[in-house]
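# Reading the structure
Here's the letter readout for the chains.
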Amino acid sequence: MNILSKFINVVINPVGAACNIQCSYCYIKTNDSVNAGRLRLGTIIKFVDTLNSIEDLEYVNFTWHGGEPFLYPIESYKAIFEYIDKNFSKKYCHVFQTNGTLITDDWIKLFSEYFVSIGISVDGADYESNKARFSDEKIYKKMISNLDLVLNSNLYTSIFITLGRHNIDKIDEIFKFLVDGKFIEEKKPNGFYINPIKKKIGNELSVNEWLEIIEKMDEFSKRTGIENSLTPQIQRAINGEIPSLCMLNGACNKFINMNVDGEIFKTCVFQSQSNYLGNIDEDNIKNKIIEYIDHIQIPSLDSFYNRLSKDDRFIYMQGDGCSNFRGSNNNSVYVNGIIEYIKNIIQ
């Protein structure tokens, strides 16, 4: 097993696409039934045991995703966390990605006990900026209240912001919200992500707008110490290190995804027959996982490295900005903004 294969990001969808809100720009075909389907506890444990049996694997990042992962029973998560804590021999961490509306003190207590990190999706400092996410202002206010609860718990917390025409005019308010929002008081998130809308709905931003946003992200992080997901990784590549951000490094084979039926896919979130790997109940699924995560990926012709004239400073930037997203939306505009940002900082 090569050195890069010693780490894997495992995305688990315990309730599939079930979600209690319906974001207009969601790239996943969500199911508004909160009882649409659930992953059996025994299936998750079997998956954990399979990963544990891969001898050369050293670190596993368990990402609990959806839909909305908080629709899965808290008692089941407690049982999973206990099992992993007692039986899993690899280094690991847990990360939850959520809309933030269902968090309670009981969840905070559980997450604190098992050192769970959490990412909450917020599109701005007011309800108007979040209308694409929340149909009712009361739901938005509940999320804000829960975010305050999370930040005061000292859990490692990241804010995920989807940026489009619906909130671009309030970008300065978004940055202000991150550092001294009305809910934060002396608490701040540990990091933030600003991402483009993942499907075409007619409100995508321009290359120049993305360039300006990325520059503001970098300045904001340096000034406040709240790290963004992008510019430090670009600098990491310039310094001759492998960036950890998958859209930059192109290491898609560091992700596998399991749905409610125990089917495993060679992807972060894009489940389709073309990236189907197998079912956890198959006798040879372990070997399939090893073969997948250990194979050497062919660099994309549209990689950052190629587009930056094969400059050796960017030899580790073999990603193309996520071809899955680029195939279904205007993500290439975002990538072009990143290219322009890099060209500016190396001049």
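This structure is a prediction, so every number in the text was calculated from the model and none was measured.

Attention now moves to the side chain of serine 129. Relative to the elements of secondary structure, serine 129 occurs in the loop between strand E4 (117-121) and helix H4 (137-151). A residue is classified by how much of its surface remains accessible, and serine 129, at 2% relative accessible area, is buried. Side-chain polar atoms of serine 129 contact the side chain of aspartate 126, separated by 2.8 Å.

Before going further, it helps to spend a moment on the sheet that holds strand E2 (residues 59-64). Overall, mixed pairing links the 10 strands, which are arranged E7-E6-E5-E4-E3-E2-E1-E8-E9-E10 in an open sheet. Edge positions in the sheet fall to strand E7 (227-228) and strand E10 (276-279), since each of these pairs with one other strand and no more. Where strand E8 (residues 255-258) meets strand E9 (residues 263-265), two bridges bridge the pair, whose relative direction is antiparallel. Note on E9: the bridge partner recorded for methionine 258 is isoleucine 264. Sitting on the sheet, helix H2 (residues 74-87) touches E2 and strand E3 (91-98), and the angle it makes with E3 is about 160°.

Moving on: the pattern of salt bridges. Taken as a whole and judged by the stated rule, the model has 14 salt bridges. A salt bridge links lysine 46 to aspartate 281; the shortest N-O distance between them is 3.1 Å. Of this pair, lysine 46 sits in helix H1 (residues 41-52) while aspartate 281 sits in the loop between E10 and helix H9 (285-294), and the two are 235 residues apart along the sequence. Lysine 46 gets classed as partly exposed once you look at its relative accessible area, which sits at 36%. Note that arginine 223 and glutamate 219 form a salt bridge whose closest N and O atoms lie 2.9 Å from each other. Of this pair, arginine 223 and glutamate 219 both sit in helix H6 (residues 207-224), four residues apart, which is roughly one turn of that helix. What makes glutamate 219 partly exposed here is its relative accessible area of 41%.

Time to look at the nonpolar core. Inside soluble globular proteins, nonpolar side chains tend to come together where they are buried. One finds Phe47, Leu51, Phe62, Phe81, Phe111 and Ile194 to be the most contacted residues of the largest nonpolar core, which totals 96 residues. Ranked by residue count, the leading element in this core is helix H12 (residues 331-345), at seven residues. The residues contacting phenylalanine 47, other than those within four sequence positions of it, are Val10, Ile12, Ile256, Met258, Ile264, Ile280 and Ile289.

A few words on H2. With 14 residues, H2 should reach 20 Å at 1.5 Å per residue; the first-to-last C-alpha distance of 20 Å fits that figure. Among the residues of H2, Ser76, Tyr77, Ile80, Phe81 and Ile84 are the ones counted as buried. With its buried residues spanning 135° around the axis, H2 presents them on a single face. Turned more than 90 degrees away from the buried face of H2, the exposed residues are Glu75 and Lys86. Tucked into the core, H2 has its buried residues touching H1, E2, E3 and helix H3 (105-113).

Summarising the model, the chain shows a mean pLDDT of 88, and 89% of its residues fall at 70 or more. Taken element by element, the predicted model of the chain shows its lowest mean pLDDT in helix H11 (residues 323-326) (57) and its highest in H2 (98). Contacts for the low-pLDDT stretch residues 326-330, under 50 throughout, to residues beyond four places or in other chains number 16 contacts.

Criteria and cut-off values
Residue numbering note: each chain is counted from 1, following its sequence as written. In view of the model being predicted, local features appear only for residues whose pLDDT reaches at least 70, and side-chain atom pairs are presented and counted only at 80 or more, with totals across whole chains, interfaces and linings using the full set of residues. Excluding hydrogens and water, the side-chain values take into account all heavy atoms of the structure. What counts as a helix is a DSSP run of H or I of at least four residues, what counts as a strand is a run of E of at least two, and both are numbered from the N terminus. Relative accessibility thresholds used throughout: buried, under 20% of the residue-type maximum; exposed, over 50%; partly exposed, between the two (1.4 Å probe, protein chains only). Any N or O atom pair separated by 3.5 Å or less is treated as a polar contact, with the protein-specific requirement of one donor-capable and one acceptor-capable atom, and with residues adjacent in sequence counted only for side-chain atom pairs. Two strands qualify as a pair provided that DSSP identifies no fewer than 2 bridges between them. Whether two residues touch is decided by their heavy atoms; if any such pair falls within 4.5 Å, the residues are in contact. A fitted line through C-alpha atoms serves as each axis, taken over the contacting stretch for helices, and the angle formed by two N-to-C directions is quoted from 0 to 180°. A side-chain nitrogen of Lys or Arg and a carboxyl oxygen of Asp or Glu constitute a salt bridge if their distance falls within 4 Å. Residues grouped as a nonpolar core are buried Ala, Val, Leu, Ile, Met, Phe, Trp, Tyr and Cys residues, joined through side-chain atoms within 4.5 Å. To estimate how far a helix should extend, the number of its residues minus one is multiplied by 1.5 Å. Each direction from the helix axis to a C-beta atom contributes to the arc, which is the arc of those directions. The predictor attaches a confidence to each residue, called pLDDT, with possible values from 0 through 100.

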